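# A look at the structure
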Amino acid sequence: VKKAMLEVSINYHKNDKNLGIPKNFLKVVSMARGEFVWLIGDDDLLLPDTFERLIPLIDNNKEVDFFYLNSFHLDDDYVKSKKHPFNINELPKNMKPFSKEKFSRKLNFFDLIDPKISFDFLGGMFLSLFRKKNWDEYVNILNAEALESPDTFSHFDNTFPHIKIWASAFSDSAAYFNNKPMNVCITGVREWAPMEPLIRNIRLIEALDEYKQQGLPVLRYAYCKNYALRNYFSNTIKILLNRNL
């Protein structure tokens, strides 16, 4: 890290203790010094030309506050099969994108709440670049007690803190959907994967409720809710089988 800091302007911080997922999100955004924030996890990779494409995208869309940046899936078995540190120039050619939507375009923020664009309704933080001043204005709407809970995903606010903030901060904002992926998400390494049925049956519905409260049209809400609950019964069984997690 020290070597990297000599070559690149990096604001580095190591927490004294594990803050948990939601408070770590909040901490990272609070440290950001730029106009926009993009949260990249340790299971995400940038592409060789990411910034060559990203900077002009922002510069050419000055009025846009929120960018959805598509991503590629990559199974962690592929990464494990290569030498480390992993060379991003060795990425496979046939990676599948998260969003199948084919056309990049400017739209309204709530137009992004569409399973054709984002199957988890912006749940994946690594897919979104957002204007920091909007976030800062609404960061205090989160439930403080929920953020302190040691139980993972026990509350909407400690599962999708970013969605709660975004729903208020960008409800009237211009947004942009970028169909050509700018990063790679390594799948199969998330420790919370067994809790995915709970997220799909409960937390995603709460996310849609939050969007609706802030202005998501009723018909779009109903369409998305129907999509989110398409595997309701099988997910309920999985929740009951894993209720001690």
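The structure we're discussing is the one just above.
A short tour of the structure in this document, coming up.

Procedures and definitions
Residues numbered from 1 in each chain as written. Predicted model: local features only at pLDDT ≥ 70, side-chain atom pairs only at ≥ 80, totals over all residues. Heavy atoms only, no water. Helix = DSSP H or I, 4+ residues; strand = E, 2+ residues; numbered from the N terminus. Buried < 20%, exposed > 50% of the residue type's maximum accessible area, 1.4 Å probe, protein only. Contact = heavy atoms within 4.5 Å. Areas by Shrake-Rupley, 256 points an atom, 1.4 Å probe, with all protein chains shown as cover. 1 Å grid on protein atoms, 1.4 Å probe; cavity = no way out; pocket = protein on both sides within 12 Å on 5 of 7 lines; lining within 4 Å. Points joined across faces, edges and corners; volume = space filled by probe spheres on them. Nonpolar A, V, L, I, M, F, W, Y, C, P; charged D, E, K, R; others polar. Salt bridge = Lys/Arg side-chain N within 4 Å of Asp/Glu carboxyl O. Core = buried A, V, L, I, M, F, W, Y, C linked by side-chain atoms within 4.5 Å. Patch = residues over 30% accessible without salt bridge, like charges linked within 9 Å, V, L, I, M, F, W, Y side chains within 5 Å. Phe/Tyr/Trp six-rings, centres within 6.5 Å; stacked < 30°, edge-to-face > 60°. Lys NZ or Arg CZ within 6 Å of the ring centre and 35° of its normal.

We now examine the overall build of the protein. Helix and strand content of the protein: ten helices and six strands. For the protein, the C-alpha atoms occupy an extent of roughly 50 × 40 × 40 Å along the three principal directions. Buried positions account for 44% of the 245 residues belonging to the protein. Of all intrachain contacts in the protein linking residues separated by at least 6 positions in sequence, the fraction that spans at least 24 positions is 78%. Total accessible area on the protein is roughly 14000 Å²; 53% of this is exposed by carbon and sulfur atoms.

Considering only enclosed or pocket space, the second largest pocket measures out at about 200 Å³ in volume. Of the residues in the lining of the second largest pocket, the class split is eight nonpolar, two polar and four charged.

For the rest of this paragraph, the subject is the pattern of salt bridges. For the structure shown, the criterion picks out twelve salt bridges. For K62, the salt bridge identified is with D59, shortest N-O distance 3.8 Å. Residue classification places K62 among the exposed positions, given a relative accessible area of 61%. For D59, a relative accessible area of 39% gives the class partly exposed. A salt bridge links R131 to D65; the shortest N-O distance between them is 2.5 Å. Here R131, found in strand β5 (residues 128-131), pairs with D65, found in strand β3 (residues 64-75); they are 66 residues apart in sequence, far enough to count as distant.

Turning to the side chain of S168, a few remarks are in order. Topologically, S168 is positioned in helix α7 (residues 161-169). For S168, a relative accessible area of 11% corresponds to the buried category. Filtering out sequence-adjacent residues up to four positions away, S168 remains in contact with Y138, I141 and Q214.

The subject of this paragraph is unusual backbone geometry. For the bond running from H84 to P85, omega is 0°, close enough to zero to count as cis. Structurally, P85 can be placed in the loop between α4 (76-80) and β4 (105-108). At F121, a position not held by glycine, the phi torsion is positive, near 55°. Relative to the helices and strands, F121 resides in the loop between β4 and β5. Positive phi, close to 75°, is recorded for L122, a residue that is not glycine. Among the residues examined, L122 registers a relative accessible area of 0% and is labelled buried.

Before going further, it helps to spend a moment on the nonpolar core. Inside soluble globular proteins, nonpolar side chains tend to come together where they are buried. Judged by nonpolar contacts, the single largest core of 45 residues is most densely connected at L112, L208 and Y211. Among the secondary structure elements, those contributing two or more residues to this core are α2 (21-31), β3, α7, β6 (174-187), α8 (196-214) and α9 (218-228). Ranked by residue count, the leading element in this core is α8, at six residues. Not counting chain neighbours up to four residues away, the residues in contact with L112 comprise F66, Y68, L107, I117, S118, L122, A175 and F177. The next biggest cluster of nonpolar side chains, apart from the first, holds eleven residues, and it includes F36, L57, V64 and L69.

A cluster of nonpolar residues, M5, V8, I10 and Y12, forms a patch on the protein surface that exposes about 350 Å² of accessible area. Residue placement: M5 occurs in helix α1 (residues 2-7). The class of M5 is partly exposed, set by a relative accessible area of 37%.

Moving on: the packing of aromatic side chains. Under the criterion given, the structure shown has 18 aromatic pairs. Between F66 and F109, the ring centres sit 5.0 Å apart and the planes meet at 80°, which makes this aromatic pair edge-to-face. With F66 in strand β3 and F109 in the loop between β4 and β5, the pair connects residues that are 43 residues apart, well separated along the chain. Pair check on accessibility: F66 and F109 agree, each one buried. Measuring from centroid to centroid gives 6.4 Å for F130 and F170, while their planes differ by 70°, and the two rings are edge-to-face. Highlighted residues: F130 in strand β5 and F170 in the loop between α7 and β6, separated in sequence by 40 residues. No difference in accessibility class separates F130 from F170, as the two residues are buried. These aromatic residues form a ring-pair network of at least three members: F66, F109, F110, F130, W135, W166, F170 and Y211. Over the ring of Y221 we find K212; its NZ or CZ atom is 5.5 Å from the centre of that ring. In this arrangement the basic side chain of R230 is found over the ring face of Y227, its NZ or CZ atom lying 3.9 Å from the centre.

All quantities given are derived from atomic positions and should not be read as evidence of function.
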